[in-house]
Amino acid sequence: MTGDRSEGASSEGYDRARYNPSLRKIWPWPTALLERAAGWIRGLPGQVWLDAACGEGHLGALLGGERTLIGLDLDPIRLRRAQPRSYRLLLQGSVSSIPVRDEAVAGIASVETLEHVADLDRAIREFARCLGPNGHVVVTVPSVTLRSWWEMRRTGRPVYCDAQEHVREFSSVPITGFPHKFETWEEFEGRWRRHGLAVIRTDGVGILFPMCHGPLSWAERLMNQFYRESWNRWLGRLPFLRRFPYYRMYLLQKRGSS
């Protein structure tokens, strides 16, 4: 679930470091994101789900046997590590060319994936092809935070969006002036609509504030209080801050007759 790594970084140790429960107190957002995605899936109909870019199978571990899961990932190392998880089938392949027949699954989960995929429309077409009528997609992507936005203004350099990290970034506000792909939420949602998938729910996880530099660097310790999970969840409900989450979540549904 860490992405189509044909254009990304090495996989060694990435999933285990990112989704390590022992890090929850100091950096809870990846684990909180996974838990929220699993909760959304539990509330949806349909038994057979595709975990598109399943990584080492952390979403499968959360869902257990509650769904019949097919795991897909480009990286054979990750697939081997996912074998002990609750997957009925594990497939090696890209989200841009899914080795699954038409309308074979009731739902697709894609967590921290599409920011790594060069041909985004092709991946979305593949999702639509594999989904049965009225099927659902739970997708999450990183989003430009207040911290990233401020750092880009301060330094004049893009954050995360480069050949070694993300081929694109998503943002609630237009970002220009960089030779990189920055796509607004509205543009991203428009892609799905063009391929027959309607947005029916959105959410955000994690609020990151600009870092304090220079004479104000002492205030960074105080800012850490805002990263307590309960406090941060409350802050994420405020209208302005809701536009700058660390992760943006979508629930989409394929239009079609049952």
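Residues numbered from 1 in each chain as written. Predicted model: local features only at pLDDT ≥ 70, side-chain atom pairs only at ≥ 80, totals over all residues. Heavy atoms only, no water.

**Quick word on the packing of aromatic side chains**
Our working definition: Pairing of aromatic rings covers Phe, Tyr and the six-membered ring of Trp, with a centre-to-centre limit of 6.5 Å; geometry is then stacked below 30 degrees between planes, edge-to-face above 60, and tilted otherwise. Whether a charge sits over a ring depends on NZ of Lys or CZ of Arg being within 6 Å of the ring centre and within 35 degrees of the ring normal.
Applying the stated rule across the entire model yields 10 aromatic pairs. Taken together, Phe127, Phe170, Phe188, Trp192 and Tyr250 form an aromatic cluster joined through their ring pairs. One residue, Arg228, lies across the ring of Trp231, its end atom 5.5 Å from the ring centre. The ring centre of Trp185 lies 3.7 Å from the NZ or CZ of Arg248, which sits over that ring.

**Looking at a nonpolar patch on the surface**
Convention followed: Each patch is built from residues lacking any salt bridge and having more than 30% relative accessible area; the joining distance is 9 Å for like charges and 5 Å for nonpolar side chains (Val, Leu, Ile, Met, Phe, Trp, Tyr). Working definition of accessibility: Shrake-Rupley area with a 1.4 Å probe, residue cover restricted to the visible protein chains. Each salt bridge in this description consists of a side-chain nitrogen of Lys or Arg and a carboxyl oxygen of Asp or Glu lying within 4 Å of one another. Segments assigned H or I by DSSP are reported as helices when at least four residues long, segments assigned E as strands when at least two residues long, and all are numbered from the N terminus.
A cluster of nonpolar side chains, namely Leu23, Ile26 and Trp27, defines an oily patch on the protein surface of about 270 Å² accessible area. Mapped onto the fold, Leu23 is located in the loop between helix H1 (14-18) and helix H2 (29-42).

**Thoughts on the side chain of Arg168**
The condition is simple: In this scheme, a residue with accessible area under 20% of its type's maximum is buried, one over 50% is exposed, and one in between is partly exposed, where area comes from a 1.4 Å probe on protein chains only. Counting of polar contacts relies on pairs of N or O atoms within 3.5 Å, with two restrictions inside protein: one atom must be capable of donating a hydrogen and the other of accepting it, and residues adjacent in sequence are counted only when both atoms are side-chain atoms. What makes two residues a contact is simply this: any of their non-hydrogen atoms within 4.5 Å.
Here Arg168 shows up in strand E6 (residues 168-171). Judged by its relative accessible area of 3%, Arg168 is buried. A polar atom in the side chain of Arg168 sits 2.4 Å from the backbone oxygen of Val117. Not counting residues within four places of it along the chain, the set of residues in contact with Arg168 comprises Leu114, Glu115, Val117, Ala118, Leu120, Cys161, Lys181, Glu183 and Arg191.

**A look at the sheet that holds strand E2 (residues 68-73)**
Spelled out, the test is: Being paired, for any two strands, means DSSP has found at least two bridges between them. Axis geometry follows a simple rule: fit a line to the C-alpha atoms, using only the stretch in contact for helices, then measure angles between N-to-C directions, giving values from 0 to 180 degrees.
Strand order across the open sheet formed by seven strands is E3-E2-E1-E4-E5-E9-E8, with mixed pairing between neighbours. The sheet terminates laterally at strand E3 (89-92) and strand E8 (197-207), the two strands that pair on one side only. Strand-to-strand twist of the sheet, defined as the mean angle between neighbouring strand axes without regard to direction, takes the value 15 degrees. Bridge analysis of strand E1 (residues 48-52) against E2 gives five bridges, and the strand direction is parallel. Within E2, the position partnered with Trp49 by the bridge is Leu69. Across the face of the sheet, helix H7 (residues 185-194) comes into contact with strand E5 (131-142), E8 and strand E9 (245-254) while running at roughly 20 degrees to E9.

**Concerning the pairing of strand E4 (residues 105-111)**
As a reminder of what qualifies: Handedness of a crossover is defined as follows: with both strands directed away from the viewer, a clockwise route from the first strand across the helix to the second makes it right-handed.
With six of seven residues buried, E4 is to be regarded as a mostly interior element. Inspection of the sheet shows E1 paired to E4 by three bridges, in the parallel sense. What sits directly across from Trp49, in E4, is Gly107. Crossover connection from E4 via helix H5 (residues 120-130) to parallel E5: handedness right-handed.

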